[in-house]
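A structural walkthrough
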Amino acid sequence: MTTGIATMQDILVTFPGGKRVDAQVGSYVVHTDQPVDAGGNGSAAAPFDLFLASLATCAGIYVLGFCQSRNLDTTGLGLRQHVEVDEATKLPRKITIEITLPRDFPEKYRTAVVRAAEGCKVKKTITAAPSFDVVVT
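Everything in this summary refers to the structure shown in the same document. (Residues numbered from 1 in each chain as written. Predicted model: local features only at pLDDT ≥ 70, side-chain atom pairs only at ≥ 80, totals over all residues. Heavy atoms only, no water.)

Attention now moves to unusual backbone geometry. Even without being glycine, K90 reaches a positive phi, approximately 65 degrees. Judged by its relative accessible area of 60%, K90 falls in the exposed class. Although it is not a glycine, A129 sits at a positive phi angle of roughly 50 degrees. Tracing the sequence through the fold places A129 in the segment after α3 (121-128). Taking relative accessible area as the criterion, A129 reaches 57% and is therefore assigned exposed. (Buried < 20%, exposed > 50% of the residue type's maximum accessible area, 1.4 Å probe, protein only. Helix = DSSP H or I, 4+ residues; strand = E, 2+ residues; numbered from the N terminus.)

This next bit is on helix α2 (residues 110-118). For an α-helix the count is 3.6 residues per turn, leaving residues at separations of three or four pointing the same way. When α2 is considered as a whole, its buried residues turn out to be A112, V113, A116 and A117. Buried residues of α2 fall within an arc of 145 degrees about the axis and therefore sit on the same side. Those residues of α2 that are exposed and angled more than 90 degrees off the buried face are T111 and R115. Buried residues in α2 make contact with α1 (47-69) and β5 (92-100). (Arc of directions from axis to C-beta. Contact = heavy atoms within 4.5 Å.)

Below, the discussion takes up the pattern of salt bridges. Enumeration according to the criterion identifies 2 salt bridges in this entry. Notably, a salt bridge pairs E84 with R93, separated by 2.9 Å at the nearest N-O pair. The residue E107 makes a salt bridge to R110 at a minimum N-O spacing of 3.8 Å. The exposure class assigned to R110 is partly exposed, which follows from its relative accessible area of 40%. (Salt bridge = Lys/Arg side-chain N within 4 Å of Asp/Glu carboxyl O.)

Here T32 shows up in strand β3 (residues 28-32). The class for T32 is buried, based on a relative accessible area of 8%. Those residues in contact with T32 that sit more than four places away from it in its chain are K19, R20, V21, D22, A44, A45, P47 and L50.

Shown next as structure tokens:
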């Protein structure tokens, strides 16, 4: 009998010094640091910036895959993510993803490429609002 629940590979976090926090994801290490004005050395992106970048790059890979699967020229293809922050909470209030299409991009695919970007797994995870447990072992 299956439960319909699977687990993903664990991410291991280490603290190499100062405000640096590293995450081992499979065979890769993602380095983070805090900006100088927050007590860090500014040697890497801050964790929250990586979170936002994961949203933008996820949408990007969906857009790129859409174009590549249709053999569409990707010269000039781009994506920009704009984040509006709530001044009271300092949390994102609105995130806008702007897709820049190549000059000769077929009109018939314009709506579909937006739907492709909206299918991003990171966005779907955020909107699904998974539960979080923090425990001490």
